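Coordinate inspection notes
Next come the chains, spelled out residue by residue.
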Amino acid sequence: MIGIRRKSRFDRGFDIINTFLLVLSLLVVLYPLYFILIASVSDATSIASGKVILLPQNVSFIGYQRILEDQRIWTGYGNSILYTVASTAIGVIATVMAGYSFSRKDLAGRKVLISLYIFTMYFSGGLIPTYLVVKQLGLIGSPWTVILLGSVSVYNIIIARSFFASSIPPELFEAASIDGCGNGRFFISIVVPLSKSIIAVLALYYAVAQWNGYFNALVYLNKQQHYPLQMVLREILIGSQSIQADVADVDAIQEMQRIAATVRYGVIVVASVPMLMLYPLVQKYFVKGVMIGSVKG
Amino acid sequence: MQTAPVVSGCVKRSWYAGFIQSLRRNWILYAFLVPTLAYLIIFQYWPLYGVQIAFRKFTASKGIWGSAWVGMQNFEKFFNSYMFKDLLVNTVVLSVYQLIAAFPFPIILALMLNYSVSNRLRRATQMVTYAPHFISTVVLVGMMSVFMGQTGLFNTLLGKLGIGPVAFLSDSSMFRDIYVWSHIWQRTGYNSVIYIAALASVSPELHEAAIVDGANKLQRIWHVDIPAILPTAVILLIMSTGNVLSLGFEKVYLMQNDLNLNVAEIISTYVYKIGLLNAQYSYSTAIGLFNNIVNLVILLSVNKLADRLSGTSLL
């Protein structure tokens, strides 16, 4: 009936303004990303002189060439993939197990246990006490610290619990247990196959957090060879502002700075592509995750 | 089946017997909790035990128990230090600024998407505005430094308008704006998802009724949509109020430079520098503990307020 009714002039004006604002917000978000992409294949002089606005100028791949030659980036990439895969696998398995247990109302002591978990979301020992524990365990400098510290999130456990509580009815287990199916088999052959969407959501959350984070690596790692990509990026993107100013040859400095500028654009592209590619594939799941998260409790 | 003990006439299993029975029947479920519980005990509860070094003069060679007890000395040192006021002000101002400025944008975006006349434009805008959420903090701050440098895109565009180069990154008066508005750029799309869901749950009959009554779209937003998303908005606002002092470390630390430290030094970055770079373990722990306690108090009060206002409690 909305279609049959003639739109009022006010609503037509509203639609025009709304469309304009939507296009504007799309461009405001998209343009910086697009600019990074075209700048990464343009030469630095054109960027600096403001010629690169809509299309790349004097296309060159020197930035990417330098990136491919940079051993630090390869090592960082390898480490990040390793840490992300390991941490996500551990995290998803542990979280699904805990989330399922907490969704079962016949688990005696459930309330006490879950408050033990939730408490840690709101109060923690802080940086130094945690650091001292890791030190006591002899894990300073070990990649395992970065993998483990990112692998359990109580928030995600609660999301998983809400999912199981709403999607696995208690009658299902009752029926299965009458047929002689125990908890273990029920979990493996009924719960897990029914929870593909929550597994995707959790995997996405853990993977994004681990891939994008750098804090644990900054605090607990001490060898360049263990650094994940974000630590390497930090050096290249933010740490390199101080190019030695006391080098005599001004041209050499300028050349270095020119290439460094192009490299920065390229590095941003190289670092962001995996997550940005992953995201359209799992977009429907992450929207779902937000929904589940919003009905927690 | 065991028979339950009879307590004062009615059949009631004791807490203990019930627990034992549940343990026997559901031992696998308890086993499922072992990995996460072990993790929390090691990396959350064990450090809590170590928090007592905030009240000691900790030296690694003597260990926690061997170090001398100094009571509140570390806290007094912090409250009397010249950094105290700056740190508190910097943390709270940055946090509250972000909280207030960022709050309306996801709601506006969700409403705009909801009233889009073109499905393709709606899908494209959603797709694009969600994307920055997946960009890392390091890359975001890296983007700032390439965009806002002397010859960066911002100054290029400003130059075309005849506005001469602005020193975005070295001017400490712009630090907070850059921090907050880059957050808005990065998170508005993602944060709008929850409002889009709330809007989708509005009954179409309400809209039809409003149309029959001659309401235009703005009136429908005001009288139908806003009331529908208000509870979500209030809860989210309250939740973020509870995090005012727990401002993230990562982005601020990356954005810091020698010229903006007077506004960019916040509690979490100071705790890191004092603790790990200067190795003043006890002092740093005390500052962190102070921060956590204040945060917890704010959270609990806000939670109580939420409970009273909307009947929805978070804890």
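Note that the coordinates shown come from a computational prediction; the quantities given were computed from them, not determined experimentally.

Some points on a nonpolar patch on the surface
Together, A:I17, A:F20, A:L21, A:L24 and A:V28 line one region of the surface with nonpolar side chains, adding up to about 470 Å² of accessible area. Positionally, A:V28 belongs in helix α1 (residues 9-40).

Let's talk about the nonpolar core
Counting 162 residues, the largest nonpolar core has A:F35 and A:F164 as its most contacted members. For this core, the element with the most residues is helix α10 (residues 175-200) of chain B, which contributes 12 residues. If sequence neighbours within four positions are ignored, A:F164 has contacts with A:V96, A:G99, A:Y100, A:S103, A:V191, A:S195 and A:I198. Counting 5 residues, the second-largest nonpolar core is a separate cluster that includes B:L109, B:M112, B:L113 and B:L121.

Focus on the environment of B:S246
Residue and element names in this part refer to chain B. Relative to the helices and strands, S246 resides in the loop between α12 (217-241) and α13 (249-255). Judged by its relative accessible area of 36%, S246 falls in the partly exposed class. Residues S246 and D171, 75 residues apart in the sequence, show an inter-C-alpha distance of 25 Å.

A few points about helix α3 (residues 62-69) of chain A
Note on helix geometry: an α-helix contains 3.6 residues per turn, so any two residues three or four positions apart are oriented the same way. All names here are of chain A. Turning to α3, its buried residues are G63, Y64 and I67. End-on, the buried residues of α3 take up no more than an arc of 95°, which puts them together on one face. Opposite its buried face, α3 presents the exposed residues L68 and E69, each directed more than 90 degrees away.

A short note on the interface of chain B and chain A
At the interface, 87 residues of chain B touch 96 residues of chain A. Between chain B and chain A the total buried area reaches about 8,700 Å² when both faces are included, carbon and sulfur atoms providing 77% of it. Summed over the three residues of chain B that lose the most area to chain A, namely B:F32, B:F43 and B:F134, the buried surface amounts to 9% of that side. Our enumeration of links across chain B and chain A arrives at 21 residue pairs in polar contact (both at pLDDT 80 or more). Counted by class, the side of chain B that touches chain A contains 62 nonpolar, 20 polar and 5 charged residues.

Remarks on the packing of aromatic side chains
Applying the stated criterion to the full structure yields 36 aromatic pairs over all chains. Both rings, one in A:F119 and one in A:F123, keep their centres 6.0 Å apart while their planes meet at 35°; by these two values the pair is tilted. What makes A:F119 partly exposed here is its relative accessible area of 36%. Looking at A:F123, the relative accessible area reads 13%, which means it is buried. Taken together, the ring pairs connect A:Y31, A:F35, A:Y265, B:F147, B:F154 and B:F168 into an aromatic cluster. Here the basic side chain of A:R104 rests over the ring of A:F173, its NZ or CZ set 3.9 Å away from the ring centre. Above the face of the B:Y283 ring, B:K77 is positioned so that its terminal group lies 4.0 Å from the ring centre.

Some remarks on unusual backbone geometry
Peptide bonds are trans in most cases, and residues, glycine excluded, mostly fall at negative phi. Of note in the backbone geometry, A:N58 takes a positive phi value of approximately 45° without being a glycine. As for its position among the elements, A:N58 is in the loop between α2 (44-48) and α3. On the accessibility criterion, A:N58 (54% relative accessible area) is exposed. We note that B:A279 has phi near 55°; this positive angle belongs to a residue other than glycine. On the secondary structure map, B:A279 appears in the loop between α15 (267-277) and α16 (281-310). A relative accessible area of 48% means that B:A279 is categorised as partly exposed.

Some remarks on the environment of B:A54
Residues and elements named next belong to chain B. Topologically, A54 is positioned in the loop between α2 (27-50) and β3 (56-57). Classification of A54 by relative accessible area gives buried; the value is 0%. For the pair A54 and S284, spaced 230 residues apart in the sequence, the C-alpha separation amounts to 7.7 Å. Residues contacting A54, with those up to four places away along its chain left out, are G71, N74, F75, S282, T285, A286 and L289.

So, how was this worked out
Residues numbered from 1 in each chain as written. Chains lettered and ligands numbered in written order. Predicted model: local features only at pLDDT ≥ 70, side-chain atom pairs only at ≥ 80, totals over all residues. Heavy atoms only, no water. Patch = residues over 30% accessible without salt bridge, like charges linked within 9 Å, V, L, I, M, F, W, Y side chains within 5 Å. Areas by Shrake-Rupley, 256 points an atom, 1.4 Å probe, with all protein chains shown as cover. Salt bridge = Lys/Arg side-chain N within 4 Å of Asp/Glu carboxyl O. Helix = DSSP H or I, 4+ residues; strand = E, 2+ residues; numbered from the N terminus. Core = buried A, V, L, I, M, F, W, Y, C linked by side-chain atoms within 4.5 Å. Buried < 20%, exposed > 50% of the residue type's maximum accessible area, 1.4 Å probe, protein only. Contact = heavy atoms within 4.5 Å. Arc of directions from axis to C-beta. Buried area = accessible area lost by both parts, 1.4 Å probe. Polar contact = N/O pair within 3.5 Å; in protein donor to acceptor, adjacent residues only side chain to side chain. Nonpolar A, V, L, I, M, F, W, Y, C, P; charged D, E, K, R; others polar. Phe/Tyr/Trp six-rings, centres within 6.5 Å; stacked < 30°, edge-to-face > 60°. Lys NZ or Arg CZ within 6 Å of the ring centre and 35° of its normal.

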